[in-house]
Every structure is written in C-alpha cells, then in structure tokens.
Amino acid sequence: IAEGEPGEGREPFELPRFWDALGQTFQVTSQEATKLSLAFSRPPLPSAEDCRKLSEDVQNAILAVATVYYWLPKGLGTTLRKMVRDATTEVVEGMIQLTDTILNAPLESLSQEQLISTGGVWEACEQVSNLPRGEYNQAAVVSALAACLGVVKDAVEEMEHALVEGQDPYGDIMEDEELGFRGNRDTYWSEADRQLLSSCMGLMKASKACLKKALAAVKAHGKADSPEQIAQLDDLADIANEISPSVDELALSMYPPVNPLAVRLNAAKLASVLKKVLEIAKTSHVCPPSEEGWVQFLTGAVDHNMNKVKNFTQDQL
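Keep in mind the model is a prediction, meaning the values are calculated, not measured.

**Topic: unusual backbone geometry**
Backbone phi values are negative for most residues with the exception of glycine, while trans is the configuration of most peptide bonds. With an omega of -5°, the peptide bond between Pro43 and Pro44 qualifies as cis. Note on placement: Pro44 falls in the loop between helix H1 (15–39) and helix H2 (48–69). Cis geometry marks the peptide bond from Pro256 to Pro257, where omega comes out at -5°. Inspection of the secondary structure assignment puts Pro257 in the loop between helix H8 (243–254) and helix H9 (260–282).

**A closer look at the layout of surface pockets**
Approximately 230 Å³ is the volume found for the second largest pocket. If you go around the second largest pocket, the residues you meet are Thr78, Thr79, Lys82, Met83, Ser143, Ala144, Ala147, Cys148, Val151, Ala237, Asp238 and Asn241. Every element with two or more residues in the lining of the second largest pocket is listed here: helix H3 (78–104), helix H5 (136–162) and helix H7 (227–240). It is H5 that provides the largest number of residues to the lining of the second largest pocket, a total of five residues. Tallied by class, residues from the lining of the second largest pocket come to six nonpolar, four polar and two charged. Both of domain 1 (15–128) and domain 2 (137–168 + 185–313) provide at least three residues apiece to the lining of the second largest pocket.

**Focus on the nonpolar core**
In terms of nonpolar packing, the biggest core is built from 54 residues, with Met204, Ile243, Met254 and Trp294 touching the most fellow members. Per element, the largest residue contribution to this core is 13 residues, and it comes from helix H6 (residues 191–221). Judged by nonpolar contacts, the second largest core, of 32 residues, contains Ala33, Ala87, Ile102 and Ala140.

**Some thoughts on the confidence of the model for the chain**
Here the chain averages 88 in pLDDT, while 88% of its residues score no lower than 70. H5 is the least confidently modelled element of the chain, averaging 92 in pLDDT, while H9 averages 96, the highest of any element. Under a pLDDT of 50 for its full length, residues 178–182 has, in the predicted model, nine contacts with residues more than four places off or in other chains.

**A closer look at the packing of aromatic side chains**
One pass over the full model with this rule turns up four aromatic pairs. Between the aromatic rings of Tyr69 and Tyr70, the centroid separation amounts to 5.2 Å while the plane-to-plane angle is 70°, which identifies the pairing as edge-to-face. With a relative accessible area of 0%, Tyr69 lands in the buried category. On the basis of relative accessibility, which here comes to 34%, the residue Tyr70 falls in the partly exposed class. Grouping aromatic residues by their ring pairs yields a cluster made of Phe13, Phe18 and Trp19. The aromatic ring of Trp71 is capped on one face by Arg17, whose charged end is 4.9 Å from the ring centroid.

**Observations regarding the pattern of salt bridges**
Summed over the entire model, instances satisfying the criterion amount to nine salt bridges. For Arg52, the salt bridge is made with Glu56, and the minimal N-O distance between the two is 2.6 Å. Of the two residues, Arg52 and Glu56 both sit in helix H2, four residues apart, roughly one turn of that helix. Between Glu160 and Lys205 there is a salt bridge, with the nearest N and O atoms lying 3.4 Å from each other. Here the residue Glu160 occupies a position in helix H5, and Lys205 occupies one in helix H6, the gap between them amounting to 45 residues. Among the residues examined, Glu160 registers a relative accessible area of 36% and is labelled partly exposed. Salt bridges sharing partners connect three or more residues here, namely Glu32, Lys35, Lys53 and Asp57.

**Quick notes on the environment of Ala144**
Mapped onto the fold, Ala144 is located in helix H5. Ala144 sits in the buried class, given a relative accessible area of 12%. As a C-alpha pair, Ala144 and Leu236 span 92 residues in sequence and 10.0 Å in three-dimensional space. Apart from residues no more than four positions distant in its own chain, Ala144 is found in contact with Thr79 and Met83.

**Quick notes on the side chain of Ser111**
With respect to the helices and strands, Ser111 occurs in the loop between H3 and helix H4 (112–126). Engagement of the side chain of Ser111 in a polar contact is seen with the backbone nitrogen of Gln114, the distance being 3.0 Å. Not counting chain neighbours up to four residues away, the residues in contact with Ser111 comprise Thr101 and Ala105.

**Quick look at a negative patch on the surface**
Taken together, Glu90, Glu93, Glu123 and Glu126 make up a surface patch of like negative charges. Among the secondary structure elements, those contributing two or more residues to the negative patch are H3 and H4. By relative accessible area, which is 53% here, Glu123 ends up exposed.

**Examining the packing of H8 against H9**
Packing of H8 against H9 leaves a shortest axis separation of 9 Å and a crossing angle of 160°. In terms of axis orientation, H8 runs roughly antiparallel to H9. In this structure, the crossing between H8 and H9 has a hand that is left-handed. On H9, the residues touching Ile243, Ser246, Val247, Glu249, Leu250 and Ser253 of H8 are Ala262, Val263, Asn266, Ala267, Lys269, Leu270, Val273, Leu274 and Val277. Here the residues of the contact of H8 with H9 are counted per class, giving ten nonpolar, three polar and two charged.

Each value, and the rule that gives it
- Residues numbered from 1 in each chain as written.
- Predicted model: local features only at pLDDT ≥ 70, side-chain atom pairs only at ≥ 80, totals over all residues.
- Heavy atoms only, no water.
- Helix = DSSP H or I, 4+ residues; strand = E, 2+ residues; numbered from the N terminus.
- 1 Å grid on protein atoms, 1.4 Å probe; cavity = no way out; pocket = protein on both sides within 12 Å on 5 of 7 lines; lining within 4 Å.
- Points joined across faces, edges and corners; volume = space filled by probe spheres on them.
- Nonpolar A, V, L, I, M, F, W, Y, C, P; charged D, E, K, R; others polar.
- Domains from an automatic or database assignment.
- Core = buried A, V, L, I, M, F, W, Y, C linked by side-chain atoms within 4.5 Å.
- Buried < 20%, exposed > 50% of the residue type's maximum accessible area, 1.4 Å probe, protein only.
- pLDDT = per-residue confidence, 0-100.
- Contact = heavy atoms within 4.5 Å.
- Phe/Tyr/Trp six-rings, centres within 6.5 Å; stacked < 30°, edge-to-face > 60°.
- Lys NZ or Arg CZ within 6 Å of the ring centre and 35° of its normal.
- Salt bridge = Lys/Arg side-chain N within 4 Å of Asp/Glu carboxyl O.
- Polar contact = N/O pair within 3.5 Å; in protein donor to acceptor, adjacent residues only side chain to side chain.
- Patch = residues over 30% accessible without salt bridge, like charges linked within 9 Å, V, L, I, M, F, W, Y side chains within 5 Å.
- Areas by Shrake-Rupley, 256 points an atom, 1.4 Å probe, with all protein chains shown as cover.
- Lys, Arg positive; Asp, Glu negative; His and termini not counted.
- Charge placed at Lys NZ, Arg CZ, Asp CG, Glu CD.
- Axes fitted to C-alpha atoms, helices over the stretch in contact; angles between N-to-C directions.
- Parallel < 35°, antiparallel > 145°, perpendicular 65-115°, else oblique.
- Left-handed = near helix turned anticlockwise from the far one by under 90°.

In structure tokens:
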C-alpha cells in the first residue's frame with residue numbers, strides 16, 4: 001500500500017460507491033480489532049480453531065481495505081490518493097501493532113499496551129470520516145492547503161509573541177538553580193537582530209497570506225474536470241506543502257544567538273518556495289484575472305522583505 005500505485009480500473013469509477021465501500025471496510029476492521037482484543041483480554045485463551053478463525057477474519061478485513069484503496073484511479077489526483085493511502089496505511093499498521101502487542105503480552109490480563117493499541121486501530125478507522133469527499137481532487141487540495149495554513153498561522157503567532165519588545169524568548173524555560181539568573185547575552189536579541197527579524201516576520205506573514213489566498217482561490221475556482229486541472233491542483237498542493245517546513249526552519253534560526261547568514265539562507269529558501277507557489281497559482285485555472293491582484297501584491301511583498309534581509313546581512317558576507 002505504501003509503495004504501490006492504484007490502477008485505472010476496468011469499470012467506470014463511481015466516487016460515492018468508493019466512499020461507501022471504504023467506510024464499510026474501515027468499520028469492519030475496527031470491529032475485528034475489538035473481537036481480537038477481547039478474545040485475548042483474559043484467560044482462558046481461545047482454542048486453536050478460534051485463533052484460526054480470528055486470524056482469517058482480521059486478514060480478510062485488511063485485504064478488503066487494501067482492495068478498496070486500489071479502486072481509486074491514479075487520474076483523480078495525487079493529493080486525494082495520498083490522503084486515502086495515508087489513512088489506509090494507518091489502519092494496516094495499527095492492526096499489525098495490535099497483533100504484535102497481543103503476541104508479546106502476558107496471558108494473565110488485559111495490558112495497558114493492548115488497550116492503547118486497540119484504541120489506535122479504532123482511531124485510525126474513524127479517520128475515514130475526515131477524508132475530503134467533495135469534487136474529487138479539489139476537496140483534497142482544499143484540505144491540504146487548510147492544514148498547511150493552520151501550521152503556519154501557529155508558527156507566526158508563536159514568533160510574534162516571542163518578539164514582543166523586551167521579552168525574553170526563553171522565558172518559558174526554568175532558570176538553572178545552581179547558576180541562578182541567566183545573564184547570558186546569547187539568550188537575548190540585540191537591536192540589530194530585531195531589525196533583521198522584522199523583515200523575516202514580513203516573509204512569515206507573506207507565507208500565511210499566500211496560503212490563505214491560494215486556499216480561497218481553490219475553493220472559488222478549483223475544478224477537477226480535466227487531467228490538466230487535476231494536475232494543476234496537485235502541483236499547487238505539492239509546493240504549498242513546502243511552505244510550513246521552510247517557515248519552521250526560518251523561525252528556528254531566528255532565536256538567539258542569531259547567526260545572520262543562517263537567517264539569510266533560510267529566508268532565501270522560504271522566499272524561493274513562496275515565489276514558486278505564486279507562479280504556479282498564477283499560471284493555473286484557479287487564478288482567473290480577478291485573482292491576479294493578490295498574486296502581484298504578494299510577489300512584491302516577498303521581494304521587498306527578502307531585499308531588506310539581504311541589506312541587513314550584506315556586511316556578513
């Protein structure tokens with residue numbers, strides 16, 4: 001499942017039928033996990049015949065989950081397929097873990113590990129209800145962009161909070177009892193640091209705005225009626241996925257002691273990713289003429305903040 005690719009399928013693909021079947025197979029797997037766990041929750045152990053039946057039922061449930069996953073045609077989009085694949089893999093891995101736990105647990109009573117593993121399978125099976133079920137790949141890309149936006153929002157808020165004038169960025173770390181008050185200047189920002197970091201915050205805010213606008217554009221104009229539209233949505237989701245790690249890397253390099261060159265390098269990486277997102281959005285069907293304004297504005301904002309970062313760090317080169 002993790003490495004294989006679904007085929008194109010011989011029969012006409014019906015999305016509602018697919019979701020119904022996937023939901024049913026996940027539900028059956030959840031029930032089989034419960035049966036398996038209960039059978040090994042207290043003595044006496046199941047007979048050899050009961051064990052064989054339990055094993056068969058678990059195996060059949062998992063094979064049914066995999067079979068339905070393989071119904072999903074490649075042509076519907078890689079973003080949708082990845083989300084379904086991840087959910088399917090989680091269910092299979094959860095069942096493997098539960099089986100391992102039962103095999104390795106003492107026979108006297110239900111172990112804490114077995115309870116946790118059983119709950120893990122239930123949780124994995126419930127994820128099917130959270131999968132995006134709208135218009136094929138469009139709903140999946142909306143979901144992916146919304147998830148990225150949530151992570152970037154949190155990173156921006158955290159850094160804004162840390163940069164409040166006069167605040168100790170490590171204030172939430174306990175003082176060393178032996179050394180007493182931390183007087184190390186490496187734990188504070190200089191005025192020059194703060195000037196550099198204000199431009200970095202500009203890039204981080206541009207990242208948030210970029211994802212917000214792209215998400216709105218996909219919701220308003222995104223379509224999955226042709227292979228070209230599906231591919232454009234996938235390209236947008238793929239590059240948008242790079243924003244969050246790039247924001248995190250920049251944020252980490254912004255904490256004192258600040259190495260201006262490391263900050264410049266991470267800022268340049270983020271700026272490059274944002275320019276790619278804006279370029280892909282601009283040339284795709286989600287950006288009709290009515291959306292071109294924000295693309296131009298954010299392109300300018302990225303360039304402006306990156307130029308300021310370069311100016312502040314020029315003497316470090």
